Amino acid sequence: MTDPGSLAMAANVAGSVVQGIGGYSAGKYNRDAAYNTAIEEENAGAAEEARIRAAARQAIGQQVASQGENGFAQGTGSALDALAESQINAAFDALQVRQQAARRARAMRAQGDLEMAKGKNALMTSLLGGTSKALDWASDKNAMNAGIGGRGG
C-alpha cells in the first residue's frame, strides 16, 4: 500500500517542478516577444530613415528648382552651400533615427534576455526546491523508520 505521506510529497515535488517549468516557459515567451519587438523597432527605424531621406531629396530638388527660378547660378556659391547644408541636415536626421531605433532594439533584446534568465532561474529554483523537499522527506522517513523520531515525530 502506498503511504499517503509519499503521495503528498510526490505531489508537492511535482507541483514545484511544474511551477518552475511554467516560469521557464513564460521567460522564453517573454524573451521571444521582446526580440520580435526589437525587430519591429529596427524596421520602423529603417522606414522612418527612408522617409526622411526621400523627403530630403524632394526638398533639395525643390531648392535647386527654386534657385534656378530666382536667377541664382545653380550649384555654385551660396546656392551650393545651402544645398550642402540641407544634405548634411538630412543625413544627420536619418542617422539619429537609425541610432534611436537601434538603441530601443538593444534595450528590448536586453529585456528579453533578462526575462529568459528569470525563467531559467525559476526552473532551477523549482528543481532544487523539489529535490530538497524530497531529501528532507526521505531523511525524516528514514529517521522515523529507525526509531529516531525525525523532524515530524
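It should be noted that the structure appears before, not after, this text.
Residues numbered from 1 in each chain as written. Predicted model: local features only at pLDDT ≥ 70, side-chain atom pairs only at ≥ 80, totals over all residues. Heavy atoms only, no water.

**Q** Explain the overall build of the chain to me, please; I cannot follow it from the model alone.
**A** Along the backbone of the chain there are two helices and zero strands. Its C-alpha atoms give the chain a radius of gyration of 33 Å, clearly above 15 Å, the size a compact globule of 153 residues would have. By principal-axis analysis of the C-alpha atoms, the chain measures approximately 110 × 25 × 15 Å. Classification of the 153 residues of the chain by burial places 20% in the buried group. Carbon and sulfur atoms form 58% of the exposed surface of the chain, whose accessible area is close to 10000 Å². (Helix = DSSP H or I, 4+ residues; strand = E, 2+ residues; numbered from the N terminus. Rg over C-alpha atoms; globule rule 2.2 N^0.38 Å. Buried < 20%, exposed > 50% of the residue type's maximum accessible area, 1.4 Å probe, protein only. Areas by Shrake-Rupley, 256 points an atom, 1.4 Å probe, with all protein chains shown as cover.)

**Q** Quick question: what am I supposed to make of helix α1 (residues 4-69) here?
**A** Side chains that are three or four residues apart share a direction in an α-helix, a result of its 3.6 residues per turn. With 66 residues, α1 extends 96 Å between its outermost C-alpha atoms, agreeing within 8% with the 98 Å of an ideal straight helix rising 1.5 Å per residue. Looking one or two places after α1, you find Gly 71, whose phi comes out positive at around 85°. (Expected span 1.5 Å × (residues − 1).)

**Q** What exactly am I supposed to notice about the pattern of salt bridges here?
**A** Pairs may arise between side chains of opposite charge once their charged atoms sit close together. Throughout the structure, instances matching the rule amount to seven salt bridges. For Arg 104, the salt bridge goes to Glu 41, with nearest N and O atoms at 2.6 Å. Of this pair, Arg 104 sits in helix α2 (residues 77-145) while Glu 41 sits in helix α1, and the two are 63 residues apart along the sequence. For Arg 104, a relative accessible area of 37% translates into the label partly exposed. According to the relative accessible area criterion, Glu 41 is partly exposed, its value standing at 22%. Each of Glu 49, Arg 53 and Arg 98 takes part in salt bridges that share partners, so that together they form one network. (Salt bridge = Lys/Arg side-chain N within 4 Å of Asp/Glu carboxyl O.)

**Q** Would you explain a nonpolar patch on the surface in this entry?
**A** A cluster of nonpolar side chains, contributed by Met 124, Leu 127 and Leu 128, occupies part of the molecular surface with about 290 Å² of accessible area. Examined against the element boundaries, Met 124 turns out to sit in helix α2. Note on Met 124: relative accessible area 45%, which makes it partly exposed. (Patch = residues over 30% accessible without salt bridge, like charges linked within 9 Å, V, L, I, M, F, W, Y side chains within 5 Å.)

**Q** Teacher, can you tell me more about the environment of Lys 118 here?
**A** Tracing the sequence through the fold places Lys 118 in helix α2. What makes Lys 118 partly exposed here is its relative accessible area of 47%. Expressed as a C-alpha distance, the spacing of Lys 118 and Ala 94, which sit 24 residues apart in the sequence, is 36 Å.

**Q** Whenever I open this one, the environment of Leu 83 confuses me. Can you help?
**A** The residue Leu 83 is located in helix α2 in this model. Leu 83 sits in the buried class, given a relative accessible area of 11%. C-alpha separation for the pair Leu 83 and Met 124, spaced 41 residues apart in sequence, amounts to 61 Å. For Leu 83, the contacting residues outside a window of four places in its chain are Ile 60, Gln 63, Val 64 and Gln 67. (Contact = heavy atoms within 4.5 Å.)

**Q** Quick question: what am I supposed to make of the side chain of Ser 16 here?
**A** By the secondary structure assignment, Ser 16 is in helix α1. Among the residues examined, Ser 16 registers a relative accessible area of 11% and is labelled buried. A distance of 3.1 Å separates a polar atom in the side chain of Ser 16 from the backbone oxygen of Ser 126. Setting aside residues no more than four positions away along its own chain, Ser 16 makes contact with Ser 126, Gly 129, Gly 130 and Lys 133. (Polar contact = N/O pair within 3.5 Å; in protein donor to acceptor, adjacent residues only side chain to side chain.)

**Q** Can you walk me through the side chain of Glu 49 in this structure?
**A** One can find Glu 49 in helix α1. Glu 49 sits in the buried class, given a relative accessible area of 12%.

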